[in-house]
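If you want the building blocks of each chain, they are given just below.
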Amino acid sequence: MELKQNVIIKIEKDSIAEELGIEAGDILLAVNGQSVKDVFDYRYLIQDEYVELTIRTINGEEYIAEIEKEEHEDIGIIFESGLMDNAKSCKNKCIFCFIDQLPKGMRKSLYFKDDDSRLSFLQGNYVTLTNMSEEDINHIIFYHLSPINVSIHTTDLELRKKMLKNPRADKVLDVMKTLANAGIEMNLQVVLCRGINDGKILDKTIEDCAAFFPHAKSMSVVPIGLTKYRENLYTMIPFDKQESKKVIAQVEYWQKKFKKNLGTSFVFLSDEFYLKAEYPLPDCADYEDFTQYENGVGMLSLLKQEFEQALKKYQYQFPKQKQNIVSVATGEAAYDLIQKLCNKVMKYCTMWKINVYKIHNDFFGDEITVSGLLTGQDIIKQLTGKELGSYLLLPESLLRNDTTMLLDDIEIEDIEKALNIPIKITKNTGETLLCNLLDLEENK
């Protein structure tokens, strides 16, 4: 039976596929007589100047489309699944898994745990390497899917088996060695659990991982996210101010050592540790090329730098006489920084009032403070009756999978109706934030 993922949903205008009469609803059966496992097979097989596509039409008829084209020229077919295969699900039962901490009754897709190296390459997802067959490893090497992101957590292999609850979890260093020998680059991640994989165990993990440099490009350390839905799960203690200070001091020791010996800090902490410790955020230069940005490493420092650069860039376009009130809603983690940035704007624009509202995460609980995990219901509840002004700014990180939907299935339109105010979705850059605050057109 053909994979649903090989169903064609769109043909690009003026493309080779359109010229050949291939239509949405048709199914790709083979390329050059070979079956297509995933998008990497497809891209590899269509590179040649002469290509044969075996197509089954929506009416069930099969034919071969012969194509002569430039080498590497795209054919113009868009498939129902970007991966063109089912994503591999995770077989671990990690003691820190965030998905296990979701309440019941949310939409089904939120409970799917992927552990697919192809999604690591395409989307930046982290994989544990425990669910990979030899064929999967060879697939990565053959197509040189690099870099991939690896959830390492610890190199104490017995502990790793316990943390992931998977007897195969002790093979991670062997797999990493195979990938490194094949020239595959890796970005590594440690979800730090207090009293479990921290302290001396973290030292060992950092040192062991750095031994893979330069194939191991970077490593991030992020604290476990704890929701209030942890009944019958492994007992965890959140990082407090003092423990966060210890982690920072520990990682800074390794950063100085690596900077001297490797020319890079190699290991980086997520913003949450600095916020918990009540320390200033590091300068942007300390994050080097922001390799671990999507993992919450350096996000706030970069936002601050971009915003301050934008203040200088747009200062002659600031509204001088126009009076206005606008609002921003953000999670607790980013609140202090956003408030400081908005105060700077109001010094330039004295007729402009910006209300910054801190949204507490009632849905997931006190320990979840990032904006990306806020829900529509919390935003509506906590902003009802507040002075919101002309429009409300919400961060793009709230939205799921290129939709206008938040985690709890509430749409942006629902929030607009409930609060009776237009909403602007703001990308996570300082320049976009400033332009949206002041209703300026962003210079491209």
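On a predicted model such as this, the values are computed, not experimentally measured, just so you know.

Definitions and limits used
Residues numbered from 1 in each chain as written. Predicted model: local features only at pLDDT ≥ 70, side-chain atom pairs only at ≥ 80, totals over all residues. Heavy atoms only, no water. Salt bridge = Lys/Arg side-chain N within 4 Å of Asp/Glu carboxyl O. Helix = DSSP H or I, 4+ residues; strand = E, 2+ residues; numbered from the N terminus. Buried < 20%, exposed > 50% of the residue type's maximum accessible area, 1.4 Å probe, protein only. Pairing = 2+ DSSP bridges. Axes fitted to C-alpha atoms, helices over the stretch in contact; angles between N-to-C directions. Contact = heavy atoms within 4.5 Å.

1. Observations regarding the pattern of salt bridges
Summed over all chains, the structure comprises 18 salt bridges. In this structure, Arg43 engages Asp74 in a salt bridge whose closest nitrogen and oxygen atoms are separated by 2.6 Å. Within this pair, whereas Arg43 is found in helix H2 (residues 39-45), its partner Asp74 is found in the loop between strand S4 (62-68) and strand S5 (77-79), the two being separated by 31 residues in sequence. Overall, Asp74 belongs to the partly exposed group, its relative accessible area being 30%. Salt-bridge contacts for Asp170 lead to Lys161; the nearest nitrogen and oxygen are separated by 3.9 Å. Linked through salt bridges whose partners overlap, the residues forming this network are Glu158, Lys161 and Asp170.

2. Quick look at the sheet that holds strand S10 (residues 267-269)
Strand order in the open sheet made by the five strands is S6-S7-S8-S9-S10, with parallel pairing throughout. Here the strands that pair on one side only, and so sit at the sheet edges, are strand S6 (126-127) and S10. Here strand S7 (residues 148-151) pairs with strand S8 (residues 186-192) via four bridges, running parallel. Looking across to S8, one finds that Val150 is bridged to Leu188.

3. Considering the sheet that holds strand S13 (residues 392-395)
Spatial strand order, S12-S11-S13-S14: four strands in an open sheet with parallel pairing. With partners counted over all chains shown, the strands left at the sheet margins are strand S12 (352-359) and strand S14 (423-426), one partner each. The sheet shows a mean angle of 25 degrees between the axes of neighbouring strands, taken without regard to direction. Two strands pair when backbone bridges link them, and strand S11 (residues 324-331) and S12 are joined in this way by eight bridges, in the parallel orientation. Bridge pairing links Thr330 to Lys358 in S12. Against the sheet, helix H11 (residues 332-348) engages S11 and S12, with an angle of about 175 degrees to S12. Along the sheet, helix H13 (residues 412-419) makes contact with S13 and S14, crossing S14 at roughly 140 degrees.

Any functional reading would require information beyond the geometric quantities listed.
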